[in-house]
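# Coordinates in review
Chain residues, written in single-letter form:
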Amino acid sequence: MRRPALLTLQWAGLLAAALFALLPLYWMALTSFSRANAVLTWPPRLLPDPSDLTLDAYTAILTTTSALRWLANSAGITVASVLVALAVALPAGYALSRSRGREVQVMGAVLLISKMLPATVLLTPLYVLARAAGLLDNPAAVVLGNLSFAVPLATWMMKEHFDKVPPDIEEAAWIDGCSRLRGLWSVVLPQARPAMAAVTAYVGVVSWNDFIFARTLLTGGDSTTVTVGAAMLIGEYNIDWPRVMALALMATVPVLAMFALLHRQLVRGMSSGMH
């Protein structure tokens, strides 16, 4: 009897934790579909009055702002950041994993230490470089900013995975006539899908949620990202919470879709890490 009771208690705890984690998402959705005066009622109501539900916030967002353009800008910057980060982190992580020289170890340590630098420290030199290169108000400048912040950790994530891949597999491929590059592409990378999914999720979230680089390196208006656009909806004396939450919910959907596409590889990576 103890085992079924313990199992029931565990499931109840997991359900309570899931509901607690989903509460902010539910409240954001509820606010976005509510009238402005209903949002300000006290005490707040978890179950809305059907008469207070409306699509006015979404209509206003889509007709009076450049929300779709902001979302497209964020999507383009995020996809570019993920692709470039993978292109850099894969060979860099492989080199750090397979090299044993002191110089490579020092370089890896410097790379890891650079991850500890806050984005605010990188902002001024990035702004100067972007201005000198004529990249201000160009999405490429934001991509570079995201990469400077995300690539160090992404490289170490790939290194940790490559450390778990036995070199004997590659050596067998070399004996069969594969070059080192062909062995990396055909033998090692197929086993690195969970790590690549983790890097994609990490860089994707960092790039999608970026505010400081987009706010500084882009001039605003139609060229900005959804995070900066959401901040632009907040007035000095008044905040239209339904509109803000409507845009926030629209910005959350692509992130949820990304994790839905990657969840199998992420679960596979977590499961393999437990053994």
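Bear in mind the structure is a predicted one, so any value in this text is a computation, not a measurement.

## A word on the packing of aromatic side chains
The final tally for this structure, using the stated rule, is 2 aromatic pairs. Aromatic pair Tyr94 and Phe162: ring centres 5.6 Å apart, planes at 90°, arrangement edge-to-face. Highlighted residues: Tyr94 in helix H4 (residues 67–98) and Phe162 in helix H7 (residues 139–163), separated in sequence by 68 residues. There is no split in this pair, since Tyr94 and Phe162 are both buried.

## Section: the nonpolar core
Val142, Met158, Phe162, Val199, Val203, Phe213 and Leu217 are the most contacted members of the largest nonpolar core, which has 35 residues in total. Going through the elements one at a time, H4, helix H6 (119–132), H7, helix H9 (180–188), helix H10 (193–208) and helix H11 (212–217) are the ones with two or more residues in this core. No other element matches H7, which puts 9 residues into this core. If you look at the next biggest cluster of nonpolar residues, it comprises 18 residues, including Ala57, Trp208, Ala230 and Ala251.

## Description of the pattern of salt bridges
One pass over the structure, following the stated rule, counts 2 salt bridges. Linking Arg35 and Asp56 is a salt bridge whose minimum nitrogen-to-oxygen distance equals 3.8 Å. Of the two residues, Arg35 sits in the loop between helix H1 (2–32) and helix H2 (36–39) while Asp56 sits in helix H3 (residues 56–64), which places them 21 residues apart along the sequence. With a relative accessible area of 47%, Asp56 lands in the partly exposed category.

## A look at the layout of surface pockets
By volume, the second largest pocket is sized at about 170 Å³. Looking at the second largest pocket, the residues that line it are Leu71, Ala75, Thr78, Val79, Val82, Thr200, Gly204, Trp208, Pro254, Val255 and Met258. Counting residues per element, the lining of the second largest pocket draws most heavily on H4, at 5 residues. Across the lining of the second largest pocket, the residue classes tally to 8 nonpolar, 3 polar and no charged.

## Topic: the side chain of Thr225
Residue position: Thr225 is located in the loop between H11 and helix H12 (226–232). Separated by 3.2 Å, the side chains of Thr225 and Thr227 make a polar contact. Ignoring sequence-local partners within four residues, the contact set of Thr225 consists of Trp70, Ser74, Ile77, Asp210, Ala214 and Leu218.

## So, the packing of H4 against H7
In the contact formed by H4 and H7, the axes pass within 7 Å of each other and the chain directions differ by 35°. The handedness of the crossing between H4 and H7 comes out as right-handed. Counted by class, the contact of H4 with H7 contains 18 nonpolar, 5 polar and 3 charged residues.

About the cut-offs
- Residues numbered from 1 in each chain as written.
- Predicted model: local features only at pLDDT ≥ 70, side-chain atom pairs only at ≥ 80, totals over all residues.
- Heavy atoms only, no water.
- Phe/Tyr/Trp six-rings, centres within 6.5 Å; stacked < 30°, edge-to-face > 60°.
- Helix = DSSP H or I, 4+ residues; strand = E, 2+ residues; numbered from the N terminus.
- Buried < 20%, exposed > 50% of the residue type's maximum accessible area, 1.4 Å probe, protein only.
- Core = buried A, V, L, I, M, F, W, Y, C linked by side-chain atoms within 4.5 Å.
- Salt bridge = Lys/Arg side-chain N within 4 Å of Asp/Glu carboxyl O.
- 1 Å grid on protein atoms, 1.4 Å probe; cavity = no way out; pocket = protein on both sides within 12 Å on 5 of 7 lines; lining within 4 Å.
- Points joined across faces, edges and corners; volume = space filled by probe spheres on them.
- Nonpolar A, V, L, I, M, F, W, Y, C, P; charged D, E, K, R; others polar.
- Polar contact = N/O pair within 3.5 Å; in protein donor to acceptor, adjacent residues only side chain to side chain.
- Contact = heavy atoms within 4.5 Å.
- Axes fitted to C-alpha atoms, helices over the stretch in contact; angles between N-to-C directions.
- Left-handed = near helix turned anticlockwise from the far one by under 90°.

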